[in-house]
Amino acid sequence: GEEEEEEEEVPRCAVCGSDGRVGLMRCKGCREVHYCSEACQKEHWKVHKPACRAAQRAAAAAAAEATAEGQGEAAEAAAAGEAEEAADASARSDAPPLERDDSGSGSKSDDGVLV
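Residues numbered from 1 in each chain as written. Predicted model: local features only at pLDDT ≥ 70, side-chain atom pairs only at ≥ 80, totals over all residues. Heavy atoms only, no water.

Undergrad: Report on the confidence of the model for the chain, specifying residues and quantitative values.
TA: For the chain, mean pLDDT is 74; residues scoring 70 or higher make up 61% of the total. Between the elements of the chain, mean pLDDT differs from a low of 53, seen in helix α2 (residues 72-92), to a high of 95, seen in strand β2 (residues 34-35). Confidence over residues 88-92 falls short of pLDDT 50; this stretch has four contacts with residues more than four positions distant or in other chains. Between residues 104-115, whose pLDDT stays under 50, and residues either more than four places distant or in other chains, the model counts 27 contacts. (pLDDT = per-residue confidence, 0-100. Helix = DSSP H or I, 4+ residues; strand = E, 2+ residues; numbered from the N terminus. Contact = heavy atoms within 4.5 Å.)

Printed below as a string of structure tokens:
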């Protein structure tokens, strides 16, 4: 039989459309949107911020729920409070730093902000 090759979707910068050959980075907040540079991320931040914050809150809530499953109501309340506190602190900050895409394509620096 014939084997069909699945074409892997190439990530692109959310702003300029550059593809993975330019060493794309992901938003470290939601890990869903790609950018080719900090400049593109900053340009897109006002548009991306609501979805990014929602993804961060959902991830924090899921982590809190998973942590609390075996630890009772007090642990659940504490974890939910920590998740809410983290989301509030995150909402006050500017755009999250970028991180290297999982595909390992390129890097800008080793300082933790652009990796």
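Text resumes after the structure shown.
Undergrad: Describe the side chain of H48, and please don't skip the residues or the numbers.
TA: Relative to the assigned elements, H48 resides in helix α1 (residues 38-68). Looking at H48, the relative accessible area reads 5%, which means it is buried. If we ignore the near neighbours within four places in the chain, the residues touching H48 are C27, C30, V33 and Y35. (Buried < 20%, exposed > 50% of the residue type's maximum accessible area, 1.4 Å probe, protein only.)

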